[in-house]
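Coordinate analysis (summary)
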Amino acid sequence: MKNVNLNALRVFSVVASHENLQRAAEELNLSRGAVSQRIKQLEIELGVVLLVRGARGVSLTPEGERCHAAMQEALAILDTAFVSIGEGGDRVTLHLGSSTATKWMMPRMDAFAAKFPNVSLSTQVHEQVLARSLGRNEIAIWPGKAHDTNAAHGSRRLADIRLVAVCSPDFLRPDWPMGLETLLTLPLLQDAHRRWEKLIQETGYGDTHKLLNFDRSALALDAAIGGHGVAIAPTYMVENDLRSKKLVEIWVDPDPSEDGLYISWAKDHLGQARIKRIVDWIASEFG
């Protein structure tokens, strides 16, 4: 094994992520010259050129790509290991999207606490699927087209992604049933998935000036509850608000979606009765 300076590898990883020496230097709280010098020293130690410097930044050579991929994999392994250090058996971390946390998990917190009184549950919200493997006592819920492909994870499909359009019961609208052409003439509340735009493009209906954009599904749904228009979201996100009469369903997407909602957990902990019970309970809530 080559005697490589680990700190230089860390500097290289930050530079590779930014593809810019100055931005990497700012993140690392180093001078641009110090960053450049450490990369040069690393290249000497490895005997390869890792970066090509240009006027607008740096780009990775094939050897640099391989080194960066190896670093990302190693850092992910370390992240997984570190997250388990000091974690007691009574603490469980649930990773999920922000809107799933707000609209699905939060209304069930009391039920979870009653079902698992000795479990300390913490939630971490993410905009993308975790890049690392799950550690001890970690569970993840995320939408996708297929099961989790991480060989270290167990995976289970929780629900199909079925889209519905919803609005406040007090929102003025044509009577049910409502066709898509009529629906798309109403004020439309859209999240980052841009589902309204996709429907407009696919059908040729609608008037795009009536689109109001939000960066999260939960915000668009809250705007619908406030009577500002019609939101579109998966059924599992709106079922609690439908049940409490805060929202009413006015349209259902007739086309089946290939997407589903999945739950993942570390295979190493299949024998842990507590994790299995929590996974089973979450699955039952989607049943």
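Preceding block: the structure.
Below or above, wherever it landed, is the structure these notes cover. Worth saying up front: this structure is predicted, and the values here are computed from it rather than measured.

1. Details of the packing of helix H5 (residues 98-105) against helix H10 (residues 235-243)
Running from N to C, H5 and H10 cross one another at 35°; their axes reach a closest spacing of 8 Å. In terms of crossing hand, the pair formed by H5 and H10 is left-handed. Contacts between H5 and H10 involve Ser99, Thr100, Lys103 and Trp104 on the former and, on the latter, Tyr236, Met237, Glu239, Asn240 and Asp241. In terms of residue class, the contact of H5 with H10 is built from three nonpolar, three polar and three charged.

2. What about the pattern of salt bridges?
Scanning the entire structure with this criterion turns up 13 salt bridges. One salt bridge connects Glu285 with Arg108, and the closest N-O pair in it is separated by 3.0 Å. Linking Glu285 in helix H11 (residues 273-286) with Arg108 in the loop between H5 and helix H6 (109-115), this pair joins segments that are 177 residues apart in sequence. Glu285 sits in the partly exposed class, given a relative accessible area of 30%. For Arg108, a relative accessible area of 8% corresponds to the buried category.

3. Some remarks on the nonpolar core
Formed by 56 residues in total, the largest nonpolar core has its most connected members in Leu183, Trp196, Val230 and Ile282. The element that contributes the greatest number of residues to this core is H11, accounting for seven residues. Here Val230 is in contact with Ala165, Val166, Cys167, Phe171, Leu183, Leu186, Pro187, Leu188, Leu189, Trp196 and Ile250, once residues within four sequence places are set aside. Residues Ala24, Leu42, Cys67 and Met71 belong to the second largest nonpolar core, which totals 22 residues.

4. Comments concerning the environment of His95
As for its placement among the helices and strands, His95 is situated in strand E3 (residues 91-96). When the C-alpha positions of His95 and Met178 are compared, they lie 37 Å apart, and in sequence the two are 83 residues distant. Not counting residues up to four positions away in its chain, the partners in contact with His95 are Gln124, His126, Leu130, Arg132, Leu134, Glu138, Ile139, Ala140 and Ile141. Here the side chain of His95 touches Glu138 through a polar contact of 2.7 Å, side chain to side chain.

5. Thoughts on the packing of aromatic side chains
Under the counting rule described, the total for this entry stands at five aromatic pairs. On the basis of an interplanar angle of 45° and a centroid distance of 4.9 Å, the ring pair of Phe112 and Phe116 is categorised as tilted. Following the ring pairs from residue to residue traces out a cluster consisting of Trp104, Tyr236 and Phe286.

6. Some thoughts on the sheet that holds strand E4 (residues 120-125)
Pairing is mixed in the open sheet, where five strands are placed in the order E4-E3-E5-E12-E6. Looking at strand neighbours, the two that pair on one side only are E4 and strand E6 (153-160), the edges of this open sheet. Across the sheet, the mean angle from the axis of one strand to that of its neighbour is 20°, orientation sign disregarded. Two strands pair when backbone bridges link them, and strand E5 (residues 138-144) and strand E12 (residues 260-266) are joined in this way by six bridges, in the antiparallel orientation. Note that in E12 the partner of Pro143 across the bridge is Leu261. H5 rests against E3 and E4 of the sheet, and its axis sits at about 115° to E3.

Procedures and definitions
Residues numbered from 1 in each chain as written. Predicted model: local features only at pLDDT ≥ 70, side-chain atom pairs only at ≥ 80, totals over all residues. Heavy atoms only, no water. Axes fitted to C-alpha atoms, helices over the stretch in contact; angles between N-to-C directions. Helix = DSSP H or I, 4+ residues; strand = E, 2+ residues; numbered from the N terminus. Left-handed = near helix turned anticlockwise from the far one by under 90°. Contact = heavy atoms within 4.5 Å. Nonpolar A, V, L, I, M, F, W, Y, C, P; charged D, E, K, R; others polar. Salt bridge = Lys/Arg side-chain N within 4 Å of Asp/Glu carboxyl O. Buried < 20%, exposed > 50% of the residue type's maximum accessible area, 1.4 Å probe, protein only. Core = buried A, V, L, I, M, F, W, Y, C linked by side-chain atoms within 4.5 Å. Polar contact = N/O pair within 3.5 Å; in protein donor to acceptor, adjacent residues only side chain to side chain. Phe/Tyr/Trp six-rings, centres within 6.5 Å; stacked < 30°, edge-to-face > 60°. Pairing = 2+ DSSP bridges.

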